[in-house]
Amino acid sequence: MIATICRKAHFNAAHRLHNPKWSQEKNIAMFGKCNSPNYHGHNFDLEVRIRGEVDPDTGFVMDLAVLGDLIRAEVEERFDHKNLNEDCPEFADLLPTTEYFVKVIYDILKPKLAQGQLLHITLHETQKNSAEYGDW
Ligand SMILES: Nc1nc2c(c(=O)[nH]1)N=C([C@H](O)[C@H](O)COP(=O)(O)OP(=O)(O)OP(=O)(O)O)CN2
Ligand SMILES: [Zn+2]
């Protein structure tokens, strides 16, 4: 039997949307207040979904407590209370948009999963804005 499990997490981070290849005028025209030079913060809500075979001995796709520990160690420790532009090498050459951030998190977690387990990430930047990336 195949099933999907979901673990939620939460962290805070600051960022600025700024494309260094563009003029200041073009950055402001595209990103508006998100281009503010002194950064701004978001309360990110993360949903990590794993789809795979249910182990008949445990009834688990994966132990959700173990998944929670993995998210804490690999995502929260790395990004919580960080300035994405300044503190995080993942964004040295990448705009810290929700679209890119959700793929960064996917790329961190995917190698940690067991063979055959599928991964789908939803990242809520605000209550209104989110992005998804994954194997389905
Ligand atoms: N496709 C994307 N668009 C935007 C992203 C993004 O990551 N992907 N990010 C932002 C900014 O980070 C911004 O901080 C959030 O924008 P906005 O929706 O304007 O924020 P508000 O919650 O203040 O929205 P209101 O409608 O003004 O309440 C922008 N776009
Ligand atoms: Zn923002």
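Keep in mind it's a predicted model, so treat the numbers as computed, not measured. All residue numbers refer to position in the chain's written sequence, counted from 1. The lettering of chains begins at A and the numbering of ligands begins at 1, in the order of writing. Given that the model is predicted, a residue must reach a pLDDT of at least 70 before its local features are reported, and side-chain atom pairs must reach 80 or more before they are shown or counted; all residues, however, enter totals for whole chains, interfaces and linings.

Some remarks on the UniProt feature "binding site: Zn(2+)" (unreviewed entry) in the chain
- UniProt positions are given in the numbering used here, feature names are shortened, and annotations may be inferred rather than shown by experiment. Those places that UniProt annotates as "binding site: Zn(2+)" (unreviewed entry) correspond, in this numbering, to His15, His40 and His42. Taken together, the annotated residues stretch across 28 residues yet fold into one region, lying no more than 8.2 Å apart by C-alpha.
- Secondary structure is summarised from DSSP: a helix means a run of H or I of at least four residues, a strand means a run of E of at least two, and numbering begins at the N terminus for each. Positionally, His40 belongs in strand 2 (residues 40-53).
- A pair of residues counts as a contact when their C-beta atoms, built from backbone coordinates, are separated by no more than 7 Å. Each residue touching His42, except ones within four places of it in the same chain, is listed here: Ala13, Glu125 and Thr126.

Brief notes about the sheet that holds strand 4 (residues 118-124)
- Two strands pair under a simple rule: DSSP has to find at least two bridges between them. What the five strands build is an open sheet, ordered 3-1-2-4-5; its pairing is mixed. Unpaired on one side and paired on the other, strand 3 (82-83) and strand 5 (130-134) mark the two borders of the sheet.
- Judged from the two bridges that link them, strand 1 (residues 2-15) and strand 3 form a sheet pairing that is parallel. What sits directly across from Ala14, in strand 3, is Asn83.
- Axes, fitted as lines to C-alpha atoms, cover a helix only where it is in contact. Angles between the N-to-C directions of the axes lie from 0 to 180 degrees. Against the sheet, helix 2 (residues 64-79) engages strand 1, strand 2 and strand 3, with an angle of about 20° to strand 1.

A short note on the confidence of the model for the chain
- The predictor rates its confidence in each residue with pLDDT, a number between 0 and 100. Summing up the model confidence of the chain, the mean pLDDT is 98 and the portion of residues at 70 or higher is 100%.
- Interface confidence in the predicted complex, given as ipTM, is 0.93; pTM for the same model is 0.97.

Quick notes on the packing of helix 2 against helix 4 (residues 98-109)
- One way to put it is that helix 2 packs onto helix 4 with a least axis distance of 10 Å and a crossing angle of 125°. Classified by the interaxial angle, the pair formed by helix 2 and helix 4 is oblique. Helix 2 and helix 4 meet at a crossing whose hand is right-handed. Contacts between helix 2 and helix 4 involve Leu70, Glu74 and Val75 on the former and, on the latter, Ile105, Ile108 and Leu109.
- Within the contact of helix 2 with helix 4, the residues separate by chemical class into five nonpolar, no polar and one charged. Orientation is classified from the angle alone, with under 35 degrees giving roughly parallel, over 145 giving roughly antiparallel, 65 to 115 giving roughly perpendicular, and any other angle giving oblique. Take the far helix as the reference: if the near one is turned anticlockwise from it by less than a right angle, the crossing is left-handed, and if turned clockwise, right-handed. Classification used: nonpolar for Ala, Val, Leu, Ile, Met, Phe, Trp, Tyr, Cys and Pro, charged for Asp, Glu, Lys and Arg, polar for all others including Gly.

Side note on the UniProt feature "active site" (unreviewed entry) in the chain
- Here, the residues flagged by UniProt with the feature "active site" (unreviewed entry) are Cys34, His81 and Glu125.
- Its place among the elements puts Cys34 in the loop between helix 1 (24-31) and strand 2.
- Counting other C-beta atoms within 10 Å of a residue's C-beta gives its exposure: the residue is buried at 20 or more, exposed at 12 or fewer, and partly exposed in between, where C-beta atoms are placed from the backbone. On the basis of neighbour counts, which here come to 16 C-beta atoms within 10 Å, the residue Cys34 falls in the partly exposed class.
- If you trace the backbone, His81 turns up in the loop between helix 2 and strand 3.

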